[in-house]
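# Geometric and topological summary
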Amino acid sequence: AQSVTQLDSQVPVFEEAPVELRCNYSSSVSVYLFWYVQYPNQGLQLLLKYLSGSTLVKGINGFEAEFNKSQTSFHLRKPSVHISDTAEYFCAVSEAQSNTGKLIFGQGTTLQVKP
Amino acid sequence: DAGITQSPRYKITETGRQVTLMCHQTWSHSYMFWYRQDLGHGLRLIYYSAAADITDKGEVPDGYVVSRSKTENFPLTLESATRSQTSVYFCASSNRDRGLHRQFFGPGTRLTVL
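In short, a report on the structure. (Residues numbered from 1 in each chain as written. Chains lettered and ligands numbered in written order. Predicted model: local features only at pLDDT ≥ 70, side-chain atom pairs only at ≥ 80, totals over all residues. Heavy atoms only, no water.)

### Overview of the packing of aromatic side chains
The cut-off we apply is this: Stacked, tilted and edge-to-face pairs are distinguished by plane angle, under 30 degrees for stacked and over 60 for edge-to-face with tilted covering the rest, among Phe, Tyr and Trp rings (Trp via its six-membered ring) whose centres lie within 6.5 Å. Strands here are runs of E lasting at least two residues and helices are runs of H or I lasting at least four, both read from the DSSP assignment and numbered beginning at the N terminus. Relative accessibility decides the category of a residue: with a 1.4 Å probe and only protein chains considered, values under 20% of the type maximum give buried, values over 50% give exposed, and everything between is partly exposed.
Counted by the stated rule, this structure contains 15 aromatic pairs over all chains. Between Phe63(A) and Tyr89(A) the ring centres are 5.5 Å apart and the planes differ by 45°, which places this aromatic pair in the tilted class. Of the two residues, Phe63(A) is situated in the loop between strand E7 (56-58) and strand E8 (64-68) and Tyr89(A) in strand E10 (residues 87-95); the sequence distance between them amounts to 26 residues. The same class applies to Phe63(A) as to Tyr89(A), namely buried. Ring geometry for Tyr35(B) against Phe105(B): centres 5.7 Å apart, planes inclined by 35°, an arrangement best described as tilted. With Tyr35(B) in strand E4 (residues 31-38) and Phe105(B) in strand E12 (residues 104-105), the pair connects residues that are 70 residues apart, well separated along the chain. Like Tyr35(B), the residue Phe105(B) is buried in the burial classification. Within the aromatic cluster, the residues linked to one another by ring pairs are Phe34(A), Tyr36(A), Phe90(A), Phe105(A), Phe33(B), Tyr35(B), Tyr48(B) and Phe105(B).

This is the structure:
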């Protein structure tokens, strides 16, 4: 079984500052890792994913994440945030090569970008 | 082409009533999923379906029933709603492409059980 822990429930940050949203996972099998974003009153959109290969993955809207196998982490970063980045962010895992693609989500982190 | 839609978007009901949440996708994706979103829990899988007439339980299936008679539809029924089922419900669909599922999410249904 897999589990995901997002270490911060809320992250307030000023506009144009860098941000890191932390995600740790546990699994006894190989996993794929994902970050999703949820804007107010909307569904989830995929930001980026890690399947294999390079540990630094780039996603949409200037976000990137780094997979660290030894620390079982997949932290999300952005060097300079905008007001429009205010949203809920979810880290998720699925078993690699899964037939079903079931996702296990973390609790979510609310990113609040202040002017 | 709407992709994946959910209806209703908002629903208020009373304890003990039956409620059905609808999910419709236009991509002919094989897999469909129902999640509930609660503060502090993120999204938790209720049920999923690999194809028409094939469904299976997720992490929190108690109190819910699903069916999938057509590939494009995946309704979720609360047979006797309880206050603990007040939540935001998301439907998602995916296909398996080279071992990877990419799930696409609907806009959600906010359900309040009084």
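Next, the rest of the story.
### Considering the interface of chain A and chain B
Note the threshold: Contact between two residues is taken to exist if any of their heavy atoms lie within 4.5 Å; hydrogens are not considered. Note: buried area is the sum, over both parts, of the accessible area (probe 1.4 Å) each one loses when the two are combined. Definition used for salt bridges: Asp or Glu carboxyl oxygen within 4 Å of a side-chain nitrogen of Lys or Arg. Any N or O atom pair separated by 3.5 Å or less is treated as a polar contact, with the protein-specific requirement of one donor-capable and one acceptor-capable atom, and with residues adjacent in sequence counted only for side-chain atom pairs. Here the nonpolar group is Ala, Val, Leu, Ile, Met, Phe, Trp, Tyr, Cys and Pro; Asp, Glu, Lys and Arg are the charged ones; every other residue, Gly included, is treated as polar.
Contact with chain A, which involves 22 residues of that partner, is made by 24 residues of chain B. Summed over both sides, the interface between chain A and chain B buries roughly 1800 Å², with carbon and sulfur atoms accounting for 55% of that surface. Across the chain A-chain B interface, the total number found is 0 salt bridges. Joining chain A to chain B, the criterion identifies 2 residue pairs in polar contact (both at pLDDT 80 or more). Secondary-structure elements contributing two or more residues to the side of chain A that touches chain B are strand E5 (31-38) and strand E6 (44-50) of chain A. The element contributing the most residues to the side of chain A that touches chain B is E5(A), with 4 residues. Among the residues forming the side of chain A that touches chain B, the class breakdown is 9 nonpolar, 11 polar and 2 charged.

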